[in-house]
Amino acid sequence: MAEIKILAEKCTGCKKCISACPFSAITVEDKKARILSNCTFCGACVSACPFGAILLEREAREADLSSYRGVWIFAEQRNGEIMPITYELLEIGRKLADALGVELSALLFGNGLRKKAEVMLNYELDKIYLVEHPLLAYYRTGPYTRAMVDLIRQKRPEVILMGATSTGRDLAPRVATRLKTGLTADCTGLEIEKGTRNLIQTRPALGGNIMASIISPRHRPQMATVRPRVMKKARPSGNRRGEIIEVKLDFTQEDKMVEVVKFIKEEREIEDLQEAEIIVSGGRGLGKAENFSLIRKLARLLGGAVGASRAVVDAGWIPSYHQVGQTGKTVQPKLYIACGISGAIQHQVGMRNSEIIVAINKDPNAPIFDIATYGIVQDLHKFLPVLIEKLEDEKRR
Amino acid sequence: MHIIVCIKQVPDTEELSKVRINSRTNTLVREGIKSIINPFDENAIEEALRIKERHGGKVTVLSMGPPQAEEALRRALAMGADKAILLSDRSFAGSDTLATSYTLAMGIRKIGEFDLVLLGKQAIDGDTAQVGPGLAEWLNLPQITYVRRIELSSSKIKAERSLEDSFEIVETNLPALLTVTKEINTPRYPSLRGLLKAKKEKITVWTSKDLALDKERIGLDGSPTQVVKIFTPESPKRGKILTGEIPEIADKLISEMKKRKII
Ligand SMILES: Cc1cc2nc3c(=O)[nH]c(=O)nc-3n(C[C@H](O)[C@H](O)[C@H](O)COP(=O)(O)OP(=O)(O)OC[C@H]3O[C@@H](n4cnc5c(N)ncnc54)[C@H](O)[C@@H]3O)c2cc1C
C-alpha cells in the first residue's frame, strides 16, 4: 500500500497543498497539513509543496504481497444479534484458511458484544478481533470503514470475506476503495489457487446467464462479498482454541457522517420480484382470481414475493407487474414455486435460472416438470392448504 | 441545488438470456441485443428531476462508457436533465468498479460544485453495487445506499434505507451520495417534445486528456480485479417427483427446503 506523510518540521501550514489536491483530501489543523482518508496518492500535493514537506511512497506492488497473511471474515451483527451469514462465512473462511495454511480470524464490531464473542469461540477459528465503541453499536458506513481499514493496515490479512448483505455491500466497496484493492461482489464460489495464493472468486453475471471467475493477482487483501445462503453454515466444534483480542480505536467527527435516526422492522409483501429470494407464482390452474389468496398466504409465510403467468394477468386476476416470463420479468430467486402453471416456454425463460423450482400441477405431462427440481402431481386446491398449515406449525415451533 | 446523476448503459434485461459465450474465443456474444439505461439509474434520474421540480436547481447526468453511451445520456436529457457529460476514452476500457469509480470521481471533480450525487443501487449487467460507495469514498462524501424515500431540507437529507427485513431512517448533511432502489418512484417517459429537444442537444465528451487522471488508476491497468474465466452455469438436476399422500409430500418438501437452508 502506498503511504503519504507530512513532515511536521517542514510544514508551515501554507495551504498550497489544499488548493492543489483534486480530492479535497487535505486539511490544515494547528498550522500543519493533515492527509485525509480519501487520499488517492496521486502526488499532486507533493509537487505543489514549496517546502518538500510531503513524502509519498508508492506502492511496492508484487514485492510485498507475501507480507499479507491470514483469512478474515466480517462477523455481521444487527441489534446485537449475530447474523446467519456470519456462520456461512466461518465455514468457507475455515476452508480457505486451511488451504492457505493460515489463521482464520473474525472481526466483530459493536458495543457490549463480549458475550457474543465468547459464544463464537465455539467455532473453529483462531482469533476474534473485537472492537467495541458506542459508535459501532449500529451499522454506520463511516465508523465501520474506519475500524476495518485501521485493522487491515495493522494486521495485513490476505483474504477478507463479508456477506453480500445490505451491510456488507455498503461497507466492502468503501473499504476496498480506501485501500485501493480488488473486491468481487456476491460470490457463489471461492477457492484458493495453489502456488499463487490467489483467491478465485466465482459469481454470476448478466442476470445469471453466465458465470465469471475473478482474481486480484497484484493486490492484497483480496476482498469478496459472499451471497447469503449459498455456503454451508459452520457448526460449533466445542474445541475452543481461539482467543478474543480486544482492540481500542478512536473515531473522529469525520467518521461520523451519517446519523441513524430510527430503525424500523417491517413485515411486508415483497413487490420487487427481481429482488425476492423466494417467489410463489400462480397460473390458470388457480381457477379464479380469489384463489390468489392461497398464493399470497404461502408467499407471506415464506417471506417471498408473488409471481404470475401471463394467462392470469391477461385474465385480470392480478396486476401485470407480477408477470414472470418473456414479456414479464426475468427472475432468479433461490426458490420458485409454480402453482397451476403449465410451464410454456415463454414462462420458462423468465424463471428457469431459479436455484430450486417446485412445480405443483395436476397434469403429469405439464412441461413445467421438465425443469422442476421437485415435482408435485396434485390438485393445488388440496395440496396448498396442507402445505400452508404445516409451514405455520413450523413457524410456531 | 445541483444534482449529478451517474448512469450506465446496459444490455436490456429482457434480452439478457440471449447473451451467450462464444466457446472458441471465450468472449461474450452480445450481438443484436439492444441497450437501455440501467433501470435503477432511471429511478435516480426521476428522483433528481422531482427534487429539481420541488426545490429548483439543475440536473447533470454523467456516464462513463463507449461513444454509443451517448444514446443513454440523450434519453436522460429527454426525460428532463439539463446537461449530459460522457467520459469516453479507449484507455478507460476494461475498468473494474475501482477504476470506474475513480474515473467518475475525476469527472465530478471537473464538473465542480454540487449538492447531491445519485446513482441506481446497482447495474443489472454487473450487479455489483460497488460503484456508488466507491465513488463516495473517492469524493469523501457521506453515502446512503438502498434508498427508497428521500426528504430534503436546505442543508440536510433524510432517507429511508432498505435492509433485508426492515428499513432505517438516516440523516446526513449535504453534499452526499445516495443510491436508490426501484421502490423510490416510477420513472417518467420522455415527452415527444423532450425527445425532439434532446436530439439536438450537445453532449459534452471528456477524454482522459480533459481529466487530471493518474494513468495507473484507470482502465485495465487501474483495475485490481481480473476476469480469468467465463462460463455458462450448469443447470441443476431436475425432475424429482415427490410421491405419496398429500401430508407426506408436504413433509418431504419442507424437509428438502430445510436441507437447502431455504427455511
Ligand atoms: C409472444 C408471447 C409472449 C408470452 N409471454 C409470456 C410471459 O411473459 N409469461 C407467461 O407466463 N406467459 C407468456 N406467454 C403465454 C404462454 O405461452 C402461456 O400461454 C401462459 O404462460 C400460460 O399460463 P398458465 O400456465 O397459467 O396457463 P395454462 O397453460 O392454461 O396452464 C394451466 C395449468 O394449470 C394446471 N391446473 C389446472 N387446474 C389445476 C389444479 N386444480 N391443480 C393443479 N394444477 C392445475 C393445468 O394442468 C395446466 O398445466 C406468452 C405467449 C406469447 C405468444
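Note that this is a predicted model, so its numbers are computed, not measured. (Residues numbered from 1 in each chain as written. Chains lettered and ligands numbered in written order. Predicted model: local features only at pLDDT ≥ 70, side-chain atom pairs only at ≥ 80, totals over all residues. Heavy atoms only, no water.)

**Q** When you look at unusual backbone geometry in this model, what are you seeing that I'm missing?
**A** The peptide bond linking A:Arg220 to A:Pro221 adopts the cis configuration, its omega dihedral lying at -5°. Along the chain, A:Pro221 falls in the loop between β14 (210–215) and β15 (222–226). Omega for the bond connecting B:Leu174 with B:Pro175 falls within 30 degrees of zero, at -5°, which places this linkage in the cis form. Following the sequence through the fold, B:Pro175 ends up in the loop between β11 (166–173) and β12 (176–180). The phi torsion at B:Lys261 lies on the positive side, around 60°, for a residue other than glycine. Checked against the element boundaries, B:Lys261 lands in the segment after α6 (246–259). (Helix = DSSP H or I, 4+ residues; strand = E, 2+ residues; numbered from the N terminus.)

**Q** I'm lost on the packing of aromatic side chains in this one. Help?
**A** The geometry of an aromatic ring pair comes down to the distance between the two centres and the angle between the two planes. Tallied over the full model, the rule gives 7 aromatic pairs over all chains. Taken together, a centroid distance of 5.1 Å and an interplanar angle of 40° make the contact between A:Tyr87 and A:Tyr123 tilted. Taken together, the residues A:Tyr87 in helix α3 (residues 85–100) and A:Tyr123 in the loop between α4 (114–120) and β9 (127–132) connect sequence positions 36 residues apart. When sorted by exposure, A:Tyr87 lands in the same class as A:Tyr123, which is buried. These aromatic residues form a ring-pair network of at least three members: A:Phe74, A:Phe109, A:Tyr139 and A:Tyr144. Here B:Lys229 stacks its cationic end above the ring of B:Phe231, 4.8 Å away from the centre of that ring. (Phe/Tyr/Trp six-rings, centres within 6.5 Å; stacked < 30°, edge-to-face > 60°. Buried < 20%, exposed > 50% of the residue type's maximum accessible area, 1.4 Å probe, protein only. Lys NZ or Arg CZ within 6 Å of the ring centre and 35° of its normal.)

**Q** Hey, could you run me through the site of the ligand in this one?
**A** Residue and element names in this part refer to chain A. Near the ligand lie 25 residues; those nearest to it are Arg-284, Ser-309, Thr-327, Ser-342 and Asn-361. Asn-361 is positioned with one of its side-chain polar atoms (N or O) 2.7 Å from an oxygen atom of the ligand. Asp-379 is positioned such that a nitrogen or oxygen atom in its side chain is 2.8 Å from a nitrogen atom of the ligand. Protein contacts shield 75% of the accessible area of the ligand, which totals 990 Å² for the unbound molecule. Partitioned by chemical class, the residues of the shell around the ligand number 5 nonpolar, 15 polar and 5 charged. (Near = heavy atom within 4 Å. Polar contact = N/O pair within 3.5 Å; in protein donor to acceptor, adjacent residues only side chain to side chain. Areas by Shrake-Rupley, 256 points an atom, 1.4 Å probe, with all protein chains shown as cover. Nonpolar A, V, L, I, M, F, W, Y, C, P; charged D, E, K, R; others polar.)

**Q** Where do I start with the pattern of salt bridges in this structure?
**A** Close approach of charged atoms allows side chains of opposite charge to pair. For the structure shown, the criterion picks out 38 salt bridges over all chains. The salt bridge partner of B:Glu160 is B:Arg148, with a shortest N-O separation of 2.9 Å. Residue B:Glu160 is found in strand β10 (residues 156–162), and its partner B:Arg148 is found in strand β9 (residues 143–152); the two are separated by 12 residues along the sequence. By relative accessible area, which is 15% here, B:Glu160 ends up buried. For B:Arg148, a relative accessible area of 14% puts it in the buried group. In this structure, B:Arg149 engages B:Glu151 in a salt bridge whose closest nitrogen and oxygen atoms are separated by 3.2 Å. Residue B:Glu151 is classed as partly exposed on the basis of its relative accessible area of 42%. Salt bridges linked by common partners bring A:Arg94, A:Asp98, A:Glu124, A:Asp126 and A:Arg241 together as one network. (Salt bridge = Lys/Arg side-chain N within 4 Å of Asp/Glu carboxyl O.)

**Q** For this particular structure, what's the right way to read the sheet that holds strand β1 (residues 2–6) of chain B?
**A** Sheet strands line up and pair through hydrogen bonds in the backbone, either parallel or antiparallel. Spatially, the 10 strands line up as an open sheet ordered β17(A)-β11(B)-β10(B)-β9(B)-β12(B)-β8(B)-β1(B)-β6(B)-β7(B)-β13(B), and their pairing is mixed. Where the open sheet ends on each side, the last strands, each with one partner, are β17 (258–265) of chain A together with β13 (204–206) of chain B. Between one strand axis and the next, the sheet turns through 30° on average, direction left out of account. Here strand β7 (residues 83–87) of chain B pairs with β13(B) via 3 bridges, running parallel. The partner of B:Leu86 across the bridge, within β13(B), is B:Val205. (Pairing = 2+ DSSP bridges. Axes fitted to C-alpha atoms, helices over the stretch in contact; angles between N-to-C directions.)

**Q** What should I look at first to understand the sheet that holds strand β13 (residues 199–205) of chain A in this one?
**A** In spatial order, the strands read β12(A)-β13(A)-β14(A)-β14(B); together these 4 strands make up an open sheet with antiparallel pairing. Two strands close off the open sheet at either side, each with one partner strand: β12 (189–192) of chain A together with β14 (226–231) of chain B. Pairs of neighbouring strands in the sheet enclose a mean axial angle of 25°, with direction left out of account. Bridging between β13(A) and β14(A) involves 5 bridges; their strand directions are antiparallel. Opposite A:Ala205, over in β14(A), you have A:Ile210 as the bridge partner. This element, α3(A), spans β12 and β13 of chain A of the sheet and lies at about 20° to β12(A). (Contact = heavy atoms within 4.5 Å.)

**Q** Please clarify how the interface of chain B and chain A should be interpreted in this entry.
**A** One frequently used descriptor of interface size is the decrease in accessible area upon assembly of the parts. The interface of chain B with chain A comprises 91 residues on the first partner and 99 residues on the second. Between chain B and chain A, a total of about 8100 Å² is buried, with carbon and sulfur atoms accounting for 53% of that surface. Run the count over chain B and chain A and you get 5 salt bridges. Summed over the shared surface of chain B and chain A, the number is 28 residue pairs in polar contact (both at pLDDT 80 or more). With 10 residues, α6(B) is the single largest residue contributor to the side of chain B that touches chain A. Its residues assigned to classes, the side of chain B that touches chain A shows 43 nonpolar, 19 polar and 29 charged. Pairing of strand β22 (residues 374–376) of chain A with strand β15 (residues 240–241) of chain B involves 2 bridges; the strand directions are parallel. Paired with A:Tyr374 across the bridge in β15(B) is B:Lys240. (Buried area = accessible area lost by both parts, 1.4 Å probe.)

**Q** I would appreciate a short explanation of α3(A) in the present structure.
**A** Within an α-helix, residues lying three or four positions from one another point in the same direction, as the helix has 3.6 residues per turn. Residues and elements named next belong to chain A. Between its first and last C-alpha, α3 extends 22 Å over 16 residues, near the 22 Å set by a 1.5 Å rise per residue. Extensive coverage of α3 is indicated by the burial of 12 of its 16 residues. Looking only at α3, the buried set comprises Ile-85, Thr-86, Tyr-87, Glu-88, Leu-89, Leu-90, Ile-92, Gly-93, Arg-94, Leu-96, Ala-97 and Leu-100. One or two steps after α3, the chain reaches Gly-101, where phi turns positive at roughly 70°. (Expected span 1.5 Å × (residues − 1).)

**Q** For this particular structure, what's the right way to read the domain arrangement of chain A?
**A** Split into domains, chain A comes out as domain 1 (3–57), domain 2 (65–256) and domain 3 (273–396). Put simply, the middle of domain 1 of chain A and the middle of domain 3 of chain A, counted by C-alpha atoms, are 60 Å apart. (Domains from an automatic or database assignment.)

**Q** Can you walk me through the packing of helix α7 (residues 292–302) of chain A against helix α11 (residues 380–396) of chain A in this structure?
**A** Relative orientation and spacing of two packed helices are given, respectively, by the angle between their axes and the distance between those axes. Residues and elements named next belong to chain A. Close contact between α7 and α11 brings their axes to 10 Å; oriented N to C, the two are set at 25°. Judged by the inter-axis angle, α7 sits roughly parallel to α11. For the pair α7 and α11, the crossing hand works out as left-handed. Contacts between α7 and α11 involve Leu-294, Ile-295, Lys-297, Leu-298, Arg-300, Leu-301 and Leu-302 from the first element and His-381, Leu-384, Pro-385, Leu-387, Ile-388, Leu-391, Glu-392 and Lys-395 from the second. (Parallel < 35°, antiparallel > 145°, perpendicular 65-115°, else oblique. Left-handed = near helix turned anticlockwise from the far one by under 90°.)

**Q** What am I meant to see in the pairing of strand β8 (residues 104–110) of chain A here?
**A** Both faces of the sheet carry side chains from a regular strand, because those side chains alternate between them. All names here are of chain A. Burial of β8 is extensive: 7 of the 7 residues sit out of reach of the surface. Here β8 shows no split at all, with Leu-104, Ala-106, Leu-108 and Gly-110 on one side and Ser-105, Leu-107 and Phe-109 on the other all buried. Relative to β8, strand β5 (residues 71–75) runs parallel, the two being bridged by 5 bridges. Pairing of Val-71 across the sheet is with Leu-104, part of β8. Bridge count between β8 and β9: 6 bridges; the pairing is parallel. For Leu-107, the partnering residue across the bridge sits in β9 and is Tyr-129.

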